[in-house]
Amino acid sequence: MGERENKKAVLAEAKKAIAAKDYALAFSALKGAASSGCDFALQARFASLFAAIPAAALNLPRLRLAVLSSGTASHLVPVMKFLLACEGLGAEVFESEYDTVHQVILDPQSALYAFKPEITLILTNYRDVRISLGHGAAAEDVKAAVHAAVRSAAGLWAALKKNSGCHVIQSNADIPAHRVLGNYEGSVPWSRLGALRLYNLELAKAAPAGVSILDMEAISSAFGKTRWHDARFWYHSKHTFSLDATGLVACGAAKIIGAIKGLAKKCVVLDLDNTLWGGVIGDDGVSGIALGDGPDGEAFADFQGYLKRLKERGIILAVCSKNEEEAAREPFLTHPDMQLKLEDISVFKASWGNKADAIRQIAAELNIGLDSMVFVDDNPAERQLVRAELPEVSVLELPADPAGYVDALDGAMYFETVAFSAEDVKRGDYYRDNAVRAGLQQQCANIEDYLKKLEMTAVVGELEPMHLPRIAQLINKSNQFHLTTTRYSESDLTAMTAVPGCRCVYFKLKDRFGDNGLISAVILKAAGAEILEIDTWVMSCRVLARTMEEFICGEIVGIARRGGYKKIRGRYLPTKKNKLVERLYERLNFKLIREDPGGAEWELDLSGPVPDYAGYIAKAVAAA
Amino acid sequence: MAKIEKDEIVRRLTSVFRDVFDDETIQLSEEMTAKDIDTWDSLMHITLVVSVEKEFGVKLNAGEIGKLKNVGEMLSLLAERASL
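Peer 1: Lay out the overall build of chain A with the relevant residues and their values.
Peer 2: Counting its secondary structure elements, chain A contains 25 helices and 18 strands. Its C-alpha radius of gyration of 26 Å places chain A within 12% of the 25 Å reference for a compact globule of 624 residues. The principal-axis extents of the C-alpha atoms in chain A amount to approximately 75 × 70 × 60 Å. Looking at chain A residue by residue over its 624 residues, the buried ones come to 45%.

Dropping the structure here:
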């Protein structure tokens with residue numbers, strides 16, 4: 001059966017399941033066969049069957065999304081709803097009337113603001129970028145015209161921020177394929193191509209935190225410019241791009257939204273034989289595996305190179321292989337064409353056990369959720385097993401030909417991000433250092449001995465611009481150690497802490513094995529003159545069980561005392577993911593003052609006896 | 001390229017209609033227009049056109065896209081242009 005026939009079979013299965021009211025089965029069938037690259041005829045079938053599933057049946061976390069388009073977006077919206085559900089979000093969508101982007105954004109009384117969007121997607125296209133330049137225009141005129149066009153977009157962002165505070169996703173210019181100057185068009189800044197290229201660069205530069213760019217230029221290039229600009233449907237119904245690209249655009253936007261909501265993946269779990277190299281290391285030996293030389297060998301080396309770049313941007317790599325440990329490690333140590341080294345791998349599991357169990361162990365060692373992991377294995381039977389046993393794990397459908405591995409992994413867009421911080425580069429190292437710490441822990445007789453031998457020092461500092469991206473990232477991406485799951489953008493944080501009585505304090509942790517980086521932040525707010533409220537407390541799970549919580553609590557007590565507060569109040573708002581900290585305040589000797597299914601409120605009375613929170617961490621103050 | 005038989009066109013077009021409008025009971029007739037199918041509005045019309053283009057490997061002109069609001073015209077256009 002061909003790809004299309006396969007999908008049609010899935011559609012028929014889903015339709016049957018919907019008729020039988022087995023909505024979970026219907027959705028899992030649709031999700032399993034979803035593909036952003038499908039033509040529109042298929043995409044529309046997926047979307048319409050998905051629309052037949054009652055939202056309540058899937059019980060996905062809700063998301064209020066506004067889609068404002070200068071063209072016709074009516075065919076995109078149902079596809080986006082389906083792909084957002086695949087990301088784990090139940091979207092409620094506000095769609096503006098055709099070509100009313102400016103009106104709805106600039107009018108504070110518009111239906112857009114009545115809708116209260118959490119995220120607003122602005123879908124414009126190259127026609128909306130008003131840059132008019134004469135042939136041979138001077139460089140400064142080009143710049144001025146481009147900047148004026150960027151300012152026009154930025155004006156809308158500012159209005160959205162002022163009127164709603166929603167996150168904005170802005171599309172850039174999908175540069176047309178037609179070039180009146182031919183190849184020379186790209187050589188001069190005043191041509192349409194030259195000006196739009198500059199516009200896209202400047203637009204991205206101008207986007208503040210809280211505004212993410214949907215790169216329509218990249219999407220249209222990958223799709224093919226001549227197919228993308230299907231003039232027939234622009235003339236007929238103001239569709240700004242080919243309907244067959246609907247899935248790619250919807251997927252691009254859905255992935256950004258997933259990243260904003262902290263749903264992007266964090267870790268790739270890799271098989272070894274026929275995944276990182278060709279052949280079986282246990283049988284073929286280091287000199288016998290295909291890696292580096294020959295068409296397959298080059299493909300495997302390139303796949304490793306791609307993984308290495310993922311690691312360098314902060315994606316954790318782990319190995320899960322059915323092999324003897326020593327044999328499995330050997331290519332990493334001795335094969336000259338291995339792009340990945342042992343130090344790139346944060347957790348290395350080689351055994352003959354069940355892979356689902358090994359993946360559970362990897363998740364536990366890294367302290368990350370199974371739903372933030374991607375499993376990559378050439379063996380369909382292993383993939384099936386992991387899918388069945390660990391439905392939270394994303395399993396990549398690898399093609400048979402290693403030449404297609406990079407396309408498959410890249411195309412799945414698992415690792416979308418809306419920000420980048422210096423911490424990302426070091427993330428793999430942090431997790432690898434943890435494995436070394438685990439080794440020390442095994443040598444120590446008891447936990448106190450281990451904590452002492454770690455020689456930990458924490459740096460305490462106040463929010464400042466250099467650490468802003470990392471703090472925002474922690475607050476927006478952490479799910480487990482996050483007492484209130486508050487989400488604040490960089491600009492929110494700056495604005496909040498400008499108000500007297502509100503401060504954001506960050507914590508870094510170092511020990512003898514290395515720097516754990518900036519691993520925690522708290523936002524403290526005065527609630528009247530006597531009470532200091534912990535609005536937000538987030539911590540990276542990679543430093544759990546090292547008395548860091550106690551240390552931070554001690555710091556909060558110090559801040560409260562210096563501020564003359566009498567009580568500290570903290571809340572726990574339960575989510576599916578933060579059960580870890582349900583009893584945190586209890587452990588820290590806070591008293592429960594209120595509890596209902598929506599959450600619990602805890603209080604520490606500073607006039608009574610307050611525990612000594614001193615643990616095993618020495619304090620250093622951040623250099624101003 | 002070989003022309004396809006009218007019966008074959010009707011059979012395949014029926015299948016496209018049934019998929020697009022999600023209705024297995026649809027029976028096509030030459031006289032049928034957008035008025036005869038409740039959900040055949042301007043939005044679904046686009047989905048229908050794109051699905052017909054895909055099924056028969058044809059491309060309609062910009063001007064034709066909006067005009068084909070009855071099955072008879074669609075059949076004669078496909079009889080003229082569609083190939084196996």
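Right, picking up where we left off after that structure.
Peer 1: Now, about the overall build of chain B: what can you tell me, with residues and values included?
Peer 2: Along its length, chain B carries 4 helices and 0 strands. Reading chain B from its N terminus to its C terminus gives the helix and strand order α-α-α-α. Expected size for 84 residues packed as a compact globule is a radius of gyration near 12 Å; at 12 Å, chain B falls within 12% of this value. Taken along its principal axes, the extent of the C-alpha atoms in chain B is 35 × 30 × 20 Å. Across the 84 residues of chain B, 26% fall into the buried class.

Peer 1: Hey, could you go over unusual backbone geometry for me, with residue numbers and the actual values?
Peer 2: Residues and elements named next belong to chain A. With a phi angle near 60 degrees, Lys21 is a residue other than glycine that sits in the positive phi range. Counting through the fold element by element, Lys21 comes out in the loop between helix H1 (3-19) and helix H2 (23-33). Of the residues examined, Lys21 has 11 C-beta atoms within 10 Å and is grouped as exposed. Positive phi, close to 50 degrees, is recorded for Met413, a residue that is not glycine. Here Met413 lies in the loop between helix H19 (405-411) and helix H20 (422-443).

Peer 1: Summarise the domain arrangement of chain A; cite the residues concerned and give the values.
Peer 2: As assigned here, chain A comprises domain 1 (1-33), domain 2 (37-260), domain 3 (268-411) and domain 4 (445-621). On a C-alpha basis, the centroid separation for the pair domain 2 of chain A and domain 3 of chain A is 36 Å.

Peer 1: Now, about the sheet that holds strand S1 (residues 62-69) of chain A: what can you tell me, with residues and values included?
Peer 2: Residue and element names in this part refer to chain A. Across the sheet, which stays open at both edges, the 5 strands sit in the order S2-S1-S3-S4-S5 with parallel pairing between neighbours. Either end of the sheet is taken by a strand with one partner, and the two such strands are strand S2 (90-95) and strand S5 (211-214). On average, adjacent strands in this sheet sit at an angle of 25 degrees to one another, irrespective of strand direction. Taken together, the 4 bridges between strand S4 (residues 167-171) and S5 define a ladder with parallel strand orientation. In the sheet register, Ile169 faces S5, and the bridge partner there is Ser212.

Peer 1: Explain the interface of chain B and chain A residue by residue, including any values.
Peer 2: Listed by partner, the interface residues are 12 residues for chain B and 13 residues for chain A. Contributing elements (two or more residues each) for the side of chain B that touches chain A: helix H2 (42-56) and helix H3 (62-67) of chain B. Considering each element in turn, the side of chain B that touches chain A owes the most residues, 6 residues, to H2(B). A breakdown of the residues in the side of chain B that touches chain A according to their chemical character gives 5 nonpolar, 4 polar and 3 charged.

Peer 1: Residues and numbers for the sheet that holds strand S17 (residues 599-605) of chain A, please.
Peer 2: Residues and elements named next belong to chain A. Strand order in this open sheet of 8 strands is S16-S17-S15-S14-S13-S12-S11-S18, and the pairing throughout is mixed. Either end of the sheet is taken by a strand with one partner, and the two such strands are strand S16 (591-596) and strand S18 (617-621). On average, each strand axis in the sheet is tilted by 25 degrees relative to the strand beside it, whichever way the strands run. Here 10 bridges tie strand S12 (residues 502-511) to strand S13 (residues 514-527), and the two strands are oriented antiparallel to one another.

Peer 1: Now, about the packing of H1(A) against H2(A): what can you tell me, with residues and values included?
Peer 2: When two helices pack together, their arrangement is given by the angle between the helix axes and by the axis-to-axis distance. Residue and element names in this part refer to chain A. With their axes 8 Å apart at the nearest point, H1 and H2 run at an angle of 165 degrees to one another. In terms of orientation, H1 and H2 fall into the roughly antiparallel class. The two elements H1 and H2 cross, and the hand of that crossing is left-handed. When H1 is examined against H2, the residues Lys7, Val10, Glu13, Ala14, Ala17 and Ile18 are found in contact with a partner set consisting of Tyr23, Leu25, Ala26, Ala29, Leu30 and Ala33. Broken down by class, the residue content of the contact of H1 with H2 amounts to 10 nonpolar, no polar and 2 charged.

Peer 1: Outline the nonpolar core, supporting the account with residue identities and numerical values.
Peer 2: All names here are of chain A. Counting residues in each nonpolar core, the largest one holds 152 residues, and the members touching the most others are Tyr199, Val269, Ala318 and Ile359. Counting residues per element, this core draws most heavily on helix H13 (residues 246-260), which supplies 10 residues. Excluding its chain neighbours within four sequence positions, the residues that come into contact with Ile359 are Val269, Cys320, Met373, Phe375, Val386, Leu390 and Val393.

Peer 1: Please set out the environment of Tyr506(A) residue by residue, giving values where relevant.
Peer 2: Residues and elements named next belong to chain A. Within the secondary structure layout, Tyr506 lies in strand S12. Residue Tyr506 is classed as buried on the basis of its C-beta count, with 21 C-beta atoms lying within 10 Å. Sequence-wise, Tyr506 and Tyr430 are 76 residues apart; in three dimensions their C-alpha atoms are separated by 18 Å. Residue contacts for Tyr506: discarding those within four places in its chain leaves Gly461, Leu463, His467, Ile471, Leu518, Ser520 and Ala521.

Peer 1: Describe in detail helix H15 (residues 294-312) of chain A, supporting the description with residues and values.
Peer 2: Residues and elements named next belong to chain A. Across its 19 residues, H15 extends 27 Å between first and last C-alpha, which sits within 8% of the 27 Å expected from 1.5 Å per residue. Considered for burial, the residues of H15 that qualify are Phe300, Ala301, Phe303, Gln304, Leu307, Leu310 and Lys311. Seen along its axis, H15 keeps its buried residues to an arc of 170 degrees; they face one direction. Of the exposed residues in H15, the ones pointing more than 90 degrees away from its buried face are Pro295 and Arg309. Its buried side turned inward, H15 meets strand S6 (267-270), strand S7 (316-322), H19 and H20. With its phi angle positive at about 115 degrees, Gly314 sits one or two positions after the end of H15.

Peer 1: If you had to explain the environment of Ser70(A) to someone new, which residues and values would you point to?
Peer 2: Residue and element names in this part refer to chain A. Note that Ser70 resides in the loop between S1 and helix H5 (76-87). Overall, Ser70 belongs to the buried group, with 20 C-beta atoms counted inside 10 Å. Distance in space between the C-alpha atoms of Ser70 and Asp128 is 7.7 Å, their sequence separation being 58 residues. Those residues within four positions of Ser70 in sequence are excluded, and the remaining contacts are Asp99, Val101, Leu123, Thr124, Asn125 and Asp128.

Peer 1: Now, about the pairing of S12(A): what can you tell me, with residues and values included?
Peer 2: Residues and elements named next belong to chain A. Counting buried positions along S12 yields 7 of 10 residues, so the element is predominantly enclosed. Bridge analysis of strand S11 (residues 456-462) against S12 gives 6 bridges, and the strand direction is antiparallel. Residue pairing across strands places Glu462 opposite Val505, the latter belonging to S12. Where S12 folds back onto S13 in an antiparallel hairpin, the turn is made up of 2 residues.

Peer 1: Break down the environment of Thr457(A) for me, with residues and values.
Peer 2: Residue and element names in this part refer to chain A. Mapped onto the fold, Thr457 is located in strand S11. Judged by the 15 C-beta atoms lying within 10 Å of it, Thr457 is partly exposed. Each C-alpha atom of the pair Thr457 and Ile617 lies 5.3 Å from the other, and the pair is 160 residues apart in sequence. Those residues in contact with Thr457 that lie beyond four places of it in its chain are Lys510, Ile617, Ala618 and Ala620.

The rules behind the values
Residues numbered from 1 in each chain as written. Chains lettered and ligands numbered in written order. Predicted model: local features only at pLDDT ≥ 70, side-chain atom pairs only at ≥ 80, totals over all residues. Helix = DSSP H or I, 4+ residues; strand = E, 2+ residues; numbered from the N terminus. Rg over C-alpha atoms; globule rule 2.2 N^0.38 Å. Buried ≥ 20, exposed ≤ 12 C-beta atoms within 10 Å, placed from the backbone. Domains from an automatic or database assignment. Pairing = 2+ DSSP bridges. Axes fitted to C-alpha atoms, helices over the stretch in contact; angles between N-to-C directions. Contact = placed C-beta atoms within 7 Å. Nonpolar A, V, L, I, M, F, W, Y, C, P; charged D, E, K, R; others polar. Parallel < 35°, antiparallel > 145°, perpendicular 65-115°, else oblique. Left-handed = near helix turned anticlockwise from the far one by under 90°. Core = buried A, V, L, I, M, F, W, Y, C linked by C-beta atoms within 7 Å. Expected span 1.5 Å × (residues − 1). Arc of directions from axis to C-beta.

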